[in-house]
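# An overview of the molecular structure
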Amino acid sequence: MSIEIESINKQFGSFTALGDVSLSIPSGELVALLGPSGSGKTTLLRIIAGLESPDSGRILFNGEDTTESHVRERKVGFVFQHYALFKHMTVFDNVVFGLTVRPKETRPSKGEIRDKVTELLRLVQLEGMAKRYPAQLSGGQRQRIALARALAVEPQVLLLDEPFGALDAQVRTELRRWLRRLHDEIHVTSVFVTHDQEEALEVADRIVVMNKGRIEQAGTPDQVYEHPANPFVLNFLGNVNLFHGRIQSAGEGQPEADNSVSYVRSHDVEIDRSQHDSSSLKAEVKHIQKLGPSVRITLSINDSESFVEAELTRDVFQNLDLQQGEQVYVRPRQVRVFAEDYQI
Amino acid sequence: MSAPTRTLTAHANGNHRITEPAPVRWVLTTVALVFLALFLALPLAAVFSQAFEKGFGTYLLALKEPDTLAAVKLTLITAAVAVPLNLVFGVMASWAIAKFSFPGKNLLITLIDLPFSVSPIISGLIYVLIFGRQGWLGPFLEAHDIKILFAVPGILLATIFVTFPFIARELIPLMESQGRDEEEAAMVLGASGLQTFFRITLPNIKWGIIYGVILCNARAMGEFGAVSVVSGHIRGITNTVPLQVEILYNEYNYTAAFAVASLLAFLALITLAVKSVAEWNVRENMEP
Ligand SMILES: Nc1ncnc2c1ncn2[C@@H]1O[C@H](COP(=O)(O)OP(=O)(O)OP(=O)(O)O)[C@@H](O)[C@H]1O
Ligand SMILES: [Mg+2]
C-alpha cells in the first residue's frame, strides 16, 4: 500500500514539531526516517499510524484519505521503540492479541490462530518461545516478538520506531540485516525511524533525512550520500571537514575567493609525504586515533588556525607509517561547496 | 528490578566499607526494635490479653451481644458500600489523570487529596453543615421525611468521604509509571477502548487495586472521627465497631470493649499481610 503524506503540520504548544512535511512512499518500499534527536521522526510516524493527529495536512493510504479514521481502523503494524509488549501475557497471547480482539464474525478459529503463531514465530526465528513471558526474553528476542505481534494482523503498512535502538551493536547489525531479508520476503510497505546513518544506508530502499521538523532530502541511499542536497545532509551522513572560502580539489584550477563554504568528507582527505600539485596543503600530524578497521588522523594546516580530520584505512596508514608531529601534505579528493549562510 | 542492581554495586565495591561500623548499626537497630515493641507490639498484645482475660467463653459471649452484632453488621455494610464506590471512582479518576491531559486536572488531583488533609472531625462536621437540622438541606430533608444525619446514610457518606483518596492515590503513580505504550499498542492492533481497558490496563494495575482496596477497607471499617460526628451513637442502630468499642469502654466494660477491639486488631493484621504481598507485586509491575 502506498502512503502519501501531504503538507503535515504539528505543533506542541508553541513548538513546531513538524512543519509542512510532504512525502510519498511507493507501495512495497522500505523507507528510513533519519535525523537527529528531536527532529520529529517519532511524531511523523505516530501521525501516519493515527496515534497522533496533525494540526493540518492529510495522510493518504493508496490514495484514500485516512486523516479522519481511528488508529484501530488504519490496519497498520507499529513496533514501539521500547517494544511495549504486554507484560502480563505470554508470547503466544501477545502475538495473537490483534486477532483475538476482532469481532466474532471475523475472528479466526482457535486452530487457525495456533497455526498463525507457529508460522510467525518461525518467521522471527523464535520457535518454541510461545509459553514464555516478555520478562524472560532478551532485548533482541523481545524486539522480534513485537514485530511478530505487529505482523499477525497482516498490516498493509509496517511502522517501526527505532526498532534496534536499545540493542547492542552486534545484535543491531544482525537484526537489521534480518529485517531487510524479511522485507524482501513479505514486501509490506515499511517506514522505520533511526538516527543511525549506517543503519539507514545499509537497510533502506530510500532515506528521508529530517531536521528540526522538516525534510532536508529524500532519495535512495546513493543519492543522499553522493549528492547531498545541503551541508546538513552531508554532515549527517559521515564526518566532514569544513573550510571557509572555496578550496580546490585534486586536479582543479586556482581557487576563487568568495563567501562559500567547502566541505570535504574525512575519508576523502589524502595524506602524502610529497607535494602533488597546487591543491596540496602543508600540515602537521597532531593526533592519531585507531578505530578498528580505520585510523583517524587530526592535522593542523600550516599558517592557519584550521584543523583537518582524515580517515585512512589501516593498510594505507601502515604504508605511510605516519608519526605524530610529522610534516605532511594533505589533498582533498572531493570537495562539495555550499553557500556560506547555511546553518548546520 | 532494583534488587540485582544493588547486589552489583555491593560486589563492585568489593572490600570497601559501604556500611556504618558495627556498633552504630547495633544501636540503630536496637532503638528501632525497642520503639516498635513499645508502640506497636505491646498495645496489640495488650488488646488480646485484655480480651481473653476472662477466658474464651466470655470473649465469645461479649461478641454475641446483640448491640455488638449490630455494630459489626453496620461496619460490614459501610465497607461494602464505600469500598466498591471508591474503587470505581478511584480507577476512573486515576486513569483520566495518569493517561490524559485535560483542563482541571490539577484541581482534580488536589480534590482527591482533600480528605487526607482535613481532620476527620471536620469531614463529619461538613455533613452536619449540609444535612443537619440547621444545615443547607435540613428543612428540605425534614419536609420529605428523609433521614441522613444520625442514620445509616450519614455514616456511609462520611466513610466514603474519608476513604475517597486511598485507591486513586495508589493507582495514579503506578499508572503514570507504566505510561501509555501498551494501551497504544493494543489500539493499533485493533482493540476497542473497553477491550484495551479490560485486557491491558486492568491486569497491569491489578495489584495496585488490591493494595488500595485493602487500605481503603481498613479505613472504612476503622474510621472513628468522622463517623462519630454523624452517627448520633444510637445503640444497635448507628454504632459502628469503633464507636461500639468506645461505648463499652466508657461503661467500664473492659473485657467486652477489648473483645470488640480485638476484631479491629485482627483486621489490621490481615490488612498488613495482604498489603505486604500486594506491595511486593506492585513494585514488580512498576517500570524501572
Ligand atoms: N507530546 C508532546 N508534547 C510536547 N512536545 C512533544 C511531544 N512529543 C514530542 N514533542 C517534541 O517534539 C519534538 C520532536 O519529537 P520526536 O519524538 O518526534 O523526535 P524524534 O525525532 O523521534 O527524536 P528521538 O530520536 O530523540 O526519538 C521534540 O522536540 C519533542 O520534545
Ligand atoms: Mg523518537
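Note that the coordinates shown come from a computational prediction; the quantities given were computed from them, not determined experimentally.

Turning next to the UniProt feature "transmembrane region" (unreviewed entry) in chain B. Residue and element names in this part refer to chain B. Here the UniProt-annotated "transmembrane region" (unreviewed entry) positions come out as residues 26–48, 68–95, 107–130, 150–168 and 254–274. Taken end to end, residues 107–130 comprises 92% helix and 0% strand; its first and last C-alpha atoms sit 22 Å apart. Here residues 254–274 is 100% helix and 0% strand, with 30 Å between the C-alpha atoms at its ends.

All names here are of chain A. Near ligand 1, the surroundings consist of Phe12, Phe15, Ala17, Gly35, Ser37, Gly38, Ser39, Gly40, Lys41, Thr42, Thr43 and His195. Mapped onto the shell around ligand 1, the elements with two or more residues apiece are strand E2 (15–25) and helix H1 (41–49). Considering every element that reaches the shell around ligand 1, the biggest residue donor is H1, with three residues. When the residues that make up the shell around ligand 1 are grouped by side-chain class, the tally is three nonpolar, eight polar and one charged.

In this section: the interface of chain B and chain A. Counting from both sides, the interface comprises 14 residues of chain B and, opposite them, 17 residues of chain A. When contributions to the side of chain B that touches chain A are tallied by element, the ones reaching two or more residues are helix H10 (181–188) and helix H11 (193–222) of chain B.

All names here are of chain A. Taken in spatial order, the six strands of this open sheet run E6-E7-E8-E3-E9-E10, and their pairing is mixed. Each edge of the sheet is formed by a strand with only one pairing partner; in this case those strands are strand E6 (76–79) and strand E10 (214–219). Ignoring which end each strand starts from, the neighbouring axes of this sheet average 15° apart. Here E6 pairs with strand E7 (residues 157–161) via four bridges, running parallel. Within the sheet, the bridge partner assigned to Val79 lies in E7 and is Leu160. The strands that helix H5 (residues 139–152) touches are E6 and E7; relative to E6, the one it contacts most, it runs at about 170°.

Reading the values: the criteria
Residues numbered from 1 in each chain as written. Chains lettered and ligands numbered in written order. Predicted model: local features only at pLDDT ≥ 70, side-chain atom pairs only at ≥ 80, totals over all residues. UniProt positions renumbered as here; feature names shortened; annotations may be inferred. Helix = DSSP H or I, 4+ residues; strand = E, 2+ residues; numbered from the N terminus. Near = placed C-beta within 6 Å. Nonpolar A, V, L, I, M, F, W, Y, C, P; charged D, E, K, R; others polar. Contact = placed C-beta atoms within 7 Å. Pairing = 2+ DSSP bridges. Axes fitted to C-alpha atoms, helices over the stretch in contact; angles between N-to-C directions.

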